[in-house]
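Next come the chains, spelled out residue by residue.
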Amino acid sequence: MELPINPIAIPIAAVAALFIGALWYNPKFGFGIAWMRESGMTEERIKSGNIAIIFGLALLFAAMLSLLLMQFTNHQWGAFGMVGGDPTGAEPSFEAFMADYGNKFRTFKHGALHGTIFGVLGALPIIGTIALFERKSAKYIFINAGYWIVTLAVMGSILCGL
């Protein structure tokens, strides 16, 4: 029995988050200047951080998000959960179910849909709530939530389509 995901998709989706961020927050052709202004970030402060730790943790967090997002994009994980995660002890109906439905809704488009939903209903409320209490602007919320909505759509398409 094959797993309901290509395990290579997880690190690819995680790396995609960093690439999208590099474009999204780029001052030359992304939202970098507006984000810096709205967040109170300065060039000096950007240069003061330990880039290896920042990008290393960002990659780790993106990989963690990939693992979570996989549960939302690949519906076959629900079938594995119903048998306790070990299909070897499952009833024969599990094999029949997976034979019929094991590859259903496994497209880039379907993953992008679920990633977008996850971004709108997950990332936006989290970022928005934090930003409200930090007294950040609506522009700040939409720049950051927009990044995550787009990124989660791309990550979802990778996780579901590969």
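Refer to the structure above for everything that follows.
Attention here is on the structure that accompanies the text. (Residues numbered from 1 in each chain as written. Predicted model: local features only at pLDDT ≥ 70, side-chain atom pairs only at ≥ 80, totals over all residues. Heavy atoms only, no water.)

### Quick word on the overall build of the protein
Then, in step 1: Assigned secondary structure in the protein consists of eight helices and zero strands.
Then, in step 2: C-alpha extents for the protein along the principal axes are approximately 60 × 30 × 25 Å.
Then, in step 3: Looking at the 162 residues of the protein, the share that counts as buried comes to 37%.
Then, in step 4: Long-range pairs, those at least 24 residues apart, make up 78% of the contacts in the protein between residues at least 6 apart in sequence.
Then, in step 5: Carbon and sulfur atoms make up 71% of the accessible area of the protein, which totals about 9,700 Å².
Then, in step 6: Of the charged side chains in the protein, 10 are positive and 9 negative; the average position of the first set lies 18 Å away from that of the second. (Helix = DSSP H or I, 4+ residues; strand = E, 2+ residues; numbered from the N terminus. Buried < 20%, exposed > 50% of the residue type's maximum accessible area, 1.4 Å probe, protein only. Contact = heavy atoms within 4.5 Å. Areas by Shrake-Rupley, 256 points an atom, 1.4 Å probe, with all protein chains shown as cover. Lys, Arg positive; Asp, Glu negative; His and termini not counted. Charge placed at Lys NZ, Arg CZ, Asp CG, Glu CD.)

### Looking at the packing of aromatic side chains
Then, in step 1: One pass over the structure, following the stated rule, counts eight aromatic pairs.
Then, in step 2: Between F97 and Y101, the aromatic rings sit 5.1 Å apart at their centres with planes inclined by 40 degrees, giving tilted as the arrangement. Of this pair, F97 and Y101 both sit in helix α6 (residues 92-101), four residues apart, which is roughly one turn of that helix.
Then, in step 3: On the accessibility criterion, F97 (39% relative accessible area) is partly exposed.
Then, in step 4: One aromatic cluster is present, formed by W24, Y25, F31, W35, Y147 and W148 through successive ring pairs.
Then, in step 5: Sitting above the plane of the Y140 ring, K136 keeps its charged end 5.5 Å from the centroid. (Phe/Tyr/Trp six-rings, centres within 6.5 Å; stacked < 30°, edge-to-face > 60°. Lys NZ or Arg CZ within 6 Å of the ring centre and 35° of its normal.)

### Focus: the side chain of H110
Then, in step 1: Topologically, H110 is positioned in helix α7 (residues 108-133).
Then, in step 2: Taking the relative accessible area as the measure of exposure, H110 reaches 13% and is therefore buried.
Then, in step 3: A polar side-chain atom of H110 sits 2.8 Å from a polar atom in the side chain of H75.
Then, in step 4: Among the polar contacts listed, one links the side chain of H110 to the side chain of H114, at a separation of 3.0 Å.
Then, in step 5: Discounting residues that sit within four places of it in the chain, H110 has contacts with T73, H75, F105 and C160. (Polar contact = N/O pair within 3.5 Å; in protein donor to acceptor, adjacent residues only side chain to side chain.)

### Some words on the pattern of salt bridges
Then, in step 1: Under the criterion given, the structure shown has one salt bridge.
Then, in step 2: As a salt-bridge pair, E38 and R37 come within 3.8 Å of each other at their nearest N and O atoms. (Salt bridge = Lys/Arg side-chain N within 4 Å of Asp/Glu carboxyl O.)

### Describing the packing of helix α1 (residues 9-24) against helix α4 (residues 51-73)
For any two helices packed against each other, the geometry is given by the interaxial angle and the distance between the axes.
Then, in step 1: Where α1 contacts α4, the axes come no closer than 8 Å and their chain directions differ by 130 degrees. By the criterion of interaxial angle, the relationship of α1 to α4 is oblique. Between α1 and α4 the crossing geometry is right-handed. Contact residues: I10, A13, A14, V15, A17 and L18 in α1; F55, A58, L59, A62, A63, S66, L67 and M70 in α4.
Then, in step 2: Of the residues in the contact of α1 with α4, the class split is 13 nonpolar, one polar and no charged. (Axes fitted to C-alpha atoms, helices over the stretch in contact; angles between N-to-C directions. Parallel < 35°, antiparallel > 145°, perpendicular 65-115°, else oblique. Left-handed = near helix turned anticlockwise from the far one by under 90°. Nonpolar A, V, L, I, M, F, W, Y, C, P; charged D, E, K, R; others polar.)

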